[in-house]
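# Examination of the molecular architecture
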Amino acid sequence: MKFFIDTANLDQIKEAQALGVLDGVTTNPSLMAKEGITGHDNILKHYVSICKIVDGDVSAEVISTDFEGMVKEGEALAELHPQIVVKVPMIKEGIKAIKYFSDNGIRTNCTLVFSAGQALLAAKAGATYVSPFIGRLDDISTDGLNLIAEIRLIYDNYGFETEILAASVRHTMHILECAKLGADVMTGPLSSIEGLLKHPLTDIGLAKFLEDYKKGN
Ligand code: E4P
């Protein structure tokens, strides 16, 4: 399972990269705005800064909602750096753009996916990644993890190569459940990744080992 971090915060990306288990980064316009990154040129520069920190794919989202606009933006984003994956929303024009990018060797992440039907369409169009938003489904009392299971089944039935990128991961249990269900990738905050480290018996056990070592030395 690949681990992506879902942030535009360079310090957090550096911290995750230093752990040695990071495979990529996802961003979105809200995450960029949260870091105060505004203006076309600054946004592009920020993507390049992220690419320089992480060894892996960096999703950069288009803002246009029409086919021509998405293609123009996506081509410019893809030219920024070889690690860039163009993030395209799951709308009619987005599917056309994903098909165009796929035919022209540009990798894509189909975002804002909330149903298995949408995921099927994204795979048919040739998306590199599909991003089901599990946390946002949970927010409206719908089982986000069940969507991961449905997409896994459908993709396996037909051998689709589109990778399931479990997005809107909010906590450590989401990561574990997605791993059990066979998601190819998860993207979440640094806290969700660091949560995998923690167990009280590890802390108690280590304290005892160190205490016993001191007794004998
Ligand atoms: C995915 O690529 C999105 O950036 C993200 O996971 C959305 O998460 P949220 O629902 O916590 O905003």
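Residues numbered from 1 in each chain as written. Predicted model: local features only at pLDDT ≥ 70, side-chain atom pairs only at ≥ 80, totals over all residues.

The test is simple: UniProt positions are given in the numbering used here, feature names are shortened, and annotations may be inferred rather than shown by experiment.
By the naming in an unreviewed UniProt entry, the protein goes by Probable transaldolase and is assigned to Patiriisocius marinistellae. Looking at the protein in UniProt, the text filed under Function (unreviewed entry) is "Transaldolase is important for the balance of metabolites in the pentose-phosphate pathway."

## Here's the deal with unusual backbone geometry
Stated formally: Helix and strand definitions here come from DSSP, where helices need a minimum of 4 consecutive H or I residues and strands a minimum of 2 consecutive E residues; each element is numbered from the N-terminal end.
With phi around 65°, Leu112 is a residue other than glycine that occupies positive phi space. Among the secondary structure elements, Leu112 is positioned in strand 5 (residues 108-113). Not every positive phi belongs to a glycine, and Ser168 is a case in point at roughly 60°. On the secondary structure map, Ser168 appears in the loop between strand 7 (163-166) and helix 9 (172-181).

## Quick notes on helix 8 (residues 144-158)
Just so we agree on the cut-off: The length a helix should cover is 1.5 Å for every residue beyond the first. Think of it as a crowd count around each C-beta: if 20 or more other C-beta atoms lie within 10 Å the residue is buried, if 12 or fewer it is exposed, and in between it is partly exposed, with C-beta placed from the backbone throughout. Along the arc lie the directions from the helix axis toward the C-beta atoms. It is the C-beta atoms, placed from the backbone, that decide contacts: two residues are in contact if theirs lie within 7 Å.
Across its 15 residues, helix 8 extends 22 Å between first and last C-alpha, which sits within 8% of the 21 Å expected from 1.5 Å per residue. Buried within helix 8 are the following residues: Gly144, Leu147, Ile148, Ile151 and Tyr155. Here the buried residues of helix 8 occupy an arc of 100° about the axis, which is enough to place them on one side. For helix 8, exposure combined with an orientation more than 90 degrees from the buried face picks out Leu153, Asp156 and Asn157. Looking at the packing, one finds that the buried side of helix 8 touches helix 6 (116-125), strand 6 (129-132), helix 7 (134-139), strand 7 and helix 9. Looking at the residues trailing helix 8, positive phi occurs at Gly159, about 70°.

## Quick look at the pairing of strand 3 (residues 57-61)
We apply this condition: Pairing between strands requires that DSSP locate at least two bridges from one strand to the other.
Counted residue by residue, strand 3 has five buried out of five residues, so it is predominantly covered. Because side chains alternate across strand 3, one face comprises the buried residues Asp57, Ser59 and Glu61, and the other comprises Val58 and Ala60, equally buried. In this structure, strand 2 (residues 24-26) lies alongside strand 3, joined through three bridges in parallel fashion. If you follow Val25 over to strand 3, its bridge partner there is Val58. Where strand 3 meets strand 4 (residues 84-89), four bridges bridge the pair, whose relative direction is parallel. Residue Ala60 lies in a different strand from strand 4, and its bridge partner there is Val86.

## Description of the UniProt feature "active site" (unreviewed entry) in the protein
The positions that UniProt labels "active site" (unreviewed entry) are, in the present scheme, Lys87. Inspection of the secondary structure assignment puts Lys87 in strand 4.

## Brief notes about the sheet that holds strand 8 (residues 185-188)
Under the convention used in this document: Note on geometry: axes are C-alpha line fits, over the in-contact stretch for helices, and angles between N-to-C directions span 0 to 180 degrees.
If you walk around this closed barrel you meet the eight strands as 1-2-3-4-5-6-7-8, and the pairing is parallel. Going from strand to strand, the sheet's axes swing by 30° on average, the running direction of each strand aside.

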